[in-house]
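Observations on the model geometry
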Amino acid sequence: GSPSYVKPPAAPSSGCTLATSPGSGRRTIPYDMNKTRSYVVDASSYTAGMPNRLVFTLHGCGGYVTSGTNLPKLPNLPNTLYVMWQGGDSGCYDDQTRASPEYQVFDALLTQIKSSFCIDKNRVFANGFSSGAWMAMMLGCQRADVLRAHGQGAGGLPISIRPGVDCRGPVPALFSHGTADDANHIHGSRQGRDRVLKTNQCDNTTKPYGGFSQCVEYQNCLPGHPVVYCEYPGLGHSPGASQDASVSLFFKQF
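Presented here is an overview of the structure given in this document. (Residues numbered from 1 in each chain as written. Predicted model: local features only at pLDDT ≥ 70, side-chain atom pairs only at ≥ 80, totals over all residues. Heavy atoms only, no water.)

Helix and strand counts for the protein come out as five helices and 10 strands. Compactness check: the protein gives a C-alpha radius of gyration of 17 Å against a globular reference of 18 Å for 254 residues, within 12% of the reference. Each principal axis of the C-alpha atoms in the protein carries an extent, and together these give about 50 × 40 × 35 Å. A burial count over the protein gives 52% of its 254 residues as buried. (Helix = DSSP H or I, 4+ residues; strand = E, 2+ residues; numbered from the N terminus. Rg over C-alpha atoms; globule rule 2.2 N^0.38 Å. Buried < 20%, exposed > 50% of the residue type's maximum accessible area, 1.4 Å probe, protein only.)

Here is the structure:
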């Protein structure tokens, strides 16, 4: 981080005035007039009566949880609500089109969650793997004014993103990818990293990050807008061994 960055105070959402929250569960969200999507809320790390982090956890193709509400959670990250919505492209997210309907789903869900749970509006995050990583990168561009940071593993840079046009400002990001990934080539994460480095005005110097041997943090970024890049030698299309731990540490600083 930068010495001139000061954590902003919590910004409680309207749901903080409610006596009770809906809790964990599978529900549907309407969007775009007459369409709906299913989504899961995991409140097992949620603490009532205080503004919680909100983490949108984004699935890979075909990896959506079909029963129960036990979503993948980040280690050592208390006071956090997790939400995952079902991608709309045959088990994947629609992560390649500039006018993707996933943005409408995200916006509708964010409004719903903030009004029904006690959420810190300054601490909304996205974290995904594979298709979910592409989706996190899209949100980090077109919803940079909403997300505090995003994390992604084994994704890529959607060609639909026009950085100077679509992106709504800088946003902290952590990228991780295996060098032997034959489903999503590591070149995509490198491109995504380079776009964010430019947006966040970082330079090319790095230092080790958080004790993770695969991760480096770029230096002299805009205050409060760090970029971390983790590369796993020889790893195929799967999350790196320390991806969740590195993302958790990354999110916790905000």
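It is worth spelling out the packing of aromatic side chains at this point. Taken as a whole, this structure holds 12 aromatic pairs when the rule is applied. Between F250 and F251 the ring centres are 6.5 Å apart and the planes differ by 45°, which places this aromatic pair in the tilted class. On the basis of relative accessibility, which here comes to 0%, the residue F251 falls in the buried class. Ring pairs connect the aromatic residues Y5, F125, Y209, F212, F250, F251 and F254, which therefore count as one cluster. Here the guanidinium or amino end of R193 rests over the ring plane of Y229, the centre of that ring lying 4.4 Å away. (Phe/Tyr/Trp six-rings, centres within 6.5 Å; stacked < 30°, edge-to-face > 60°. Lys NZ or Arg CZ within 6 Å of the ring centre and 35° of its normal.)

For the rest of this paragraph, the subject is the state of the cysteines. A complete count under the given rule lists five disulfides for this structure. The residue that forms a disulfide with C61 is C92, at a sulfur-sulfur distance of 2.0 Å. Looking along the S-S bond of the C61-C92 disulfide, the torsion reads about 120°, which is the right-handed sense. Placement of the pair is C61 in the loop between β3 (52–58) and β4 (80–85) and C92 in the loop between β4 and α1 (102–116), with a sequence separation of 31 residues. Take C61: its relative accessible area is 47%, and that puts it in the partly exposed class. For C92, a relative accessible area of 17% puts it in the buried group. When the bonded cysteines of the protein are counted from the start of the sequence, the pairing works out to 1-4, 2-3, 5-6, 7-9, 8-10. (Disulfide = S-S within 2.5 Å.)

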